[in-house]
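# Chains, contacts and geometry: an overview
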Amino acid sequence: MDRRSIIKNAGIAGVLAAGVAPAVHAQAALRWRMASSFPKSLDTIFGAAETIAKKVSEMSGGKFTISTHAAGELMPALGVVDGVQSGTVECGHTCAYYYFGKDETFAIGTGLPFGLNSRQMTAWMFEGNGGKLMREFYAKYNIVNFPAGNTGAQMGGWYRKEIKSAKDIKGLKFRVGGFAGKVIERMGGVPQNIPGGEIYQALEKGTIDAAEWIGPYDDQKLGFNKVAPFYYYPGWWEGGPQVDLFVNNKAYESLSAENKAILSAATTCAHVEMQAKYDAKNPLALKQLVGAKTKVMPFPKDVLDVAFKESMALYEELRGKNANWKKVYDDMSAFRRDQNLWFRFTEAKFDSFMQAQKL
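Attention here is on the structure that accompanies the text. (Residues numbered from 1 in each chain as written. Predicted model: local features only at pLDDT ≥ 70, side-chain atom pairs only at ≥ 80, totals over all residues. Heavy atoms only, no water.)

### Description of the environment of Glu 238
Mapped onto the fold, Glu 238 is located in the loop between strand 9 (230–233) and strand 10 (242–248). With 152 residues separating them in the primary sequence, Glu 238 and Ser 86 have C-alpha atoms 29 Å apart. If sequence neighbours within four positions are ignored, Glu 238 has contacts with Tyr 97, Gly 152, Ala 153, Gln 154, Glu 212 and Trp 213. In terms of polar contacts, Glu 238 uses its side chain to reach the side chain of Trp 237, at 3.3 Å. (Helix = DSSP H or I, 4+ residues; strand = E, 2+ residues; numbered from the N terminus. Contact = heavy atoms within 4.5 Å. Polar contact = N/O pair within 3.5 Å; in protein donor to acceptor, adjacent residues only side chain to side chain.)

Structural data, given as structure tokens:
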């Protein structure tokens, strides 16, 4: 008797009795939670978390869903790594450099002062050794990482008083994200690591003298121009800062191969989308800020010179005392050297010519 006859004449009971199992792919629904370091009001950077969740649900047919939670809902903004490491949540969307106090190597995962621009960072992560080296490092913290956003080069922040030279950095109480605080400290400043949602109040009350966040679109939303008139550029500490999805290792290993592929594809989509949004939204916001009497100014050259010198000295010091740092930084540094050689002949020349034209 052939298989079709069995199914026709015996029904399901006969099928099972005859040892012919129907093809059934029943899969239990999977529900994860994602903690973010960012407030919901920042639709670009928090929006990347929502994009990941949306794409995961769409690609899995609703069988794999992730709920997104803004800073403070499940844990403090700067507590995401601890939450993911311990398994309190399955995943978190954050900037690695917030956690350099655990190990300075965390900072390289987001970006260093005078490091890579956004395209170079993506190239290092996806096609260079960056992704591999950072994944090896994060494994020490029970974390699997995925690039999940980049803001592009940032602005240099908002200042209550004009910065005329590097001497004006001395004593400056400056909210600055990540590893730049180490450099500001060496320049005589007083770095403050304050979550995005708390910066305005600190700047308004004079608890801090200056603050940087990202760029015109987000900065305008947060209202910094209302409490600090001077807006400097460039953000030399953030030429191409990456945001990551950190996943608890046990949670990740429990995923099917299909869901692992879905998660990877979703984060890559968010990675591309975030910078596209910033690049599209920042120009209009900058025009509006200028129209509202914001004084947009370049950092004096000696500020950049001193900052560069102190950054390079700091990195060299860390090479001698942190093996994790040396392994990752040395690879990134070599990659940066080759990238800058290439960009000098292409992107830089093209951009400088186009920006000088009347369009």
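Next comes the rest of the write-up.
### Things to note about the sheet that holds strand 3 (residues 91–94)
On the basis of which strands lie adjacent, the open sheet formed by 5 strands has the order 2-1-3-10-4 and mixed pairing. Two strands close off the open sheet at either side, each with one partner strand: strand 2 (64–69) and strand 4 (143–150). Ignoring which end each strand starts from, the neighbouring axes of this sheet average 25° apart. Direction of pairing for strand 1 (residues 30–36) relative to strand 3: parallel, over a ladder of 3 bridges. From the neighbouring strand, Ser 36 faces strand 3, where its bridge partner is His 93. (Pairing = 2+ DSSP bridges. Axes fitted to C-alpha atoms, helices over the stretch in contact; angles between N-to-C directions.)

### Concerning the packing of aromatic side chains
Per the counting criterion, the structure on display carries 28 aromatic pairs. Residues Trp 32 and Phe 64 carry aromatic rings whose centres are separated by 5.1 Å and whose planes lie at 80° to one another, so their mutual orientation is edge-to-face. Of this pair, Trp 32 sits in strand 1 while Phe 64 is found in strand 2, placing the two residues 32 residues apart along the sequence. Across the pair, Phe 64 and Trp 32 agree in class, each one buried. On the basis of an interplanar angle of 50° and a centroid distance of 5.2 Å, the ring pair of Tyr 315 and Tyr 329 is categorised as tilted. Placement of Tyr 315 in helix 11 (residues 301–321) and of Tyr 329 in helix 12 (residues 323–345) is noted, with a sequence separation of 14 residues between them. Judged by its relative accessible area of 0%, Tyr 315 is buried. By the ring-pair criterion, three or more aromatic residues cluster together here, those being Tyr 97, Tyr 98, Tyr 99, Phe 106, Phe 137, Tyr 138, Tyr 141 and Phe 246. Directly above the ring of Tyr 252 sits Lys 260, whose terminal nitrogen or CZ lies 4.9 Å from the centroid. (Phe/Tyr/Trp six-rings, centres within 6.5 Å; stacked < 30°, edge-to-face > 60°. Buried < 20%, exposed > 50% of the residue type's maximum accessible area, 1.4 Å probe, protein only. Lys NZ or Arg CZ within 6 Å of the ring centre and 35° of its normal.)

### Quick word on unusual backbone geometry
With an omega of -5°, the peptide bond running from Tyr 233 to Pro 234 counts as cis. Position of Pro 234 among the secondary structure elements: in the loop between strand 9 and strand 10. Phi angles above zero are rare outside glycine, and Phe 114 is one such case at about 60°. Here Phe 114 shows up in the loop between strand 3 and helix 4 (118–126). At Lys 293, a position not held by glycine, the phi torsion is positive, near 80°. Along the polypeptide, Lys 293 turns up in the loop between helix 10 (257–291) and strand 11 (295–298).

### Some points on the pattern of salt bridges
Per the stated rule, a full pass over the model turns up 17 salt bridges. Between Glu 273 and Lys 277 there is a salt bridge, with the nearest N and O atoms lying 3.6 Å from each other. Pair noted here: Glu 273 and Lys 277 are both in helix 10, with a separation of 4 residues, about one helical turn. On the accessibility criterion, Lys 277 (27% relative accessible area) is partly exposed. A network of salt bridges, in which partner residues are shared, links Glu 316, Arg 319, Lys 326 and Asp 330. (Salt bridge = Lys/Arg side-chain N within 4 Å of Asp/Glu carboxyl O.)

### So, the sheet that holds strand 9
An order of 7-6-8-5-9-11 is seen for the 6 strands of this open sheet, with the pairing classed as mixed. Looking at which strands have only one partner, the edges of the open sheet turn out to be strand 7 (190–192) and strand 11. Where strand 9 meets strand 11, 4 bridges bridge the pair, whose relative direction is parallel. Each bridged residue has a counterpart across the sheet, and for Tyr 231 the counterpart in strand 11 is Val 296.

### Focus on the packing of helix 2 (residues 45–59) against helix 10
Remark: helix 2 packs on helix 10, axes separated minimally by 8 Å, with the N-to-C direction vectors making an angle of 145°. Here helix 2 and helix 10 pass one another in a crossing that is right-handed. Taking contact as the criterion, the partners of Ile 45, Ala 48, Thr 51, Ile 52, Lys 55, Val 56 and Met 59 in helix 2 are, on helix 10, Ile 262, Leu 263, Ala 265, Ala 266, Thr 267, Cys 269, Ala 270, Glu 273, Met 274 and Tyr 278. For the contact of helix 2 with helix 10, the class distribution of residues is 13 nonpolar, 2 polar and 2 charged. (Left-handed = near helix turned anticlockwise from the far one by under 90°. Nonpolar A, V, L, I, M, F, W, Y, C, P; charged D, E, K, R; others polar.)

### So, the side chain of Gln 154
Within the element layout of this structure, Gln 154 appears in the loop between strand 4 and strand 5 (157–159). Here the side chain of Gln 154 touches Thr 151 through a polar contact of 3.0 Å, side chain to side chain. Among residues more than four places away in sequence, those in contact with Gln 154 are Glu 212, Trp 213, Ile 214, Pro 234, Gly 235, Glu 238 and Pro 241.

### Here's the deal with the packing of helix 4 against helix 12
Contact pair helix 4 / helix 12: the axes reach a minimum separation of 10 Å and the direction vectors enclose 130°. One element, helix 4, and the other, helix 12, form an angle in the oblique class. Of the two possible hands of crossing, helix 4 and helix 12 adopt the one that is right-handed. Facing helix 4, whose interface residues are Arg 119, Gln 120, Ala 123 and Trp 124, helix 12 presents Val 328, Asp 331, Met 332, Phe 335, Gln 339, Asn 340 and Phe 343. Class assignment for the residues of the contact of helix 4 with helix 12 results in 6 nonpolar, 3 polar and 2 charged. (Parallel < 35°, antiparallel > 145°, perpendicular 65-115°, else oblique.)

That is the geometry; function is a separate question.
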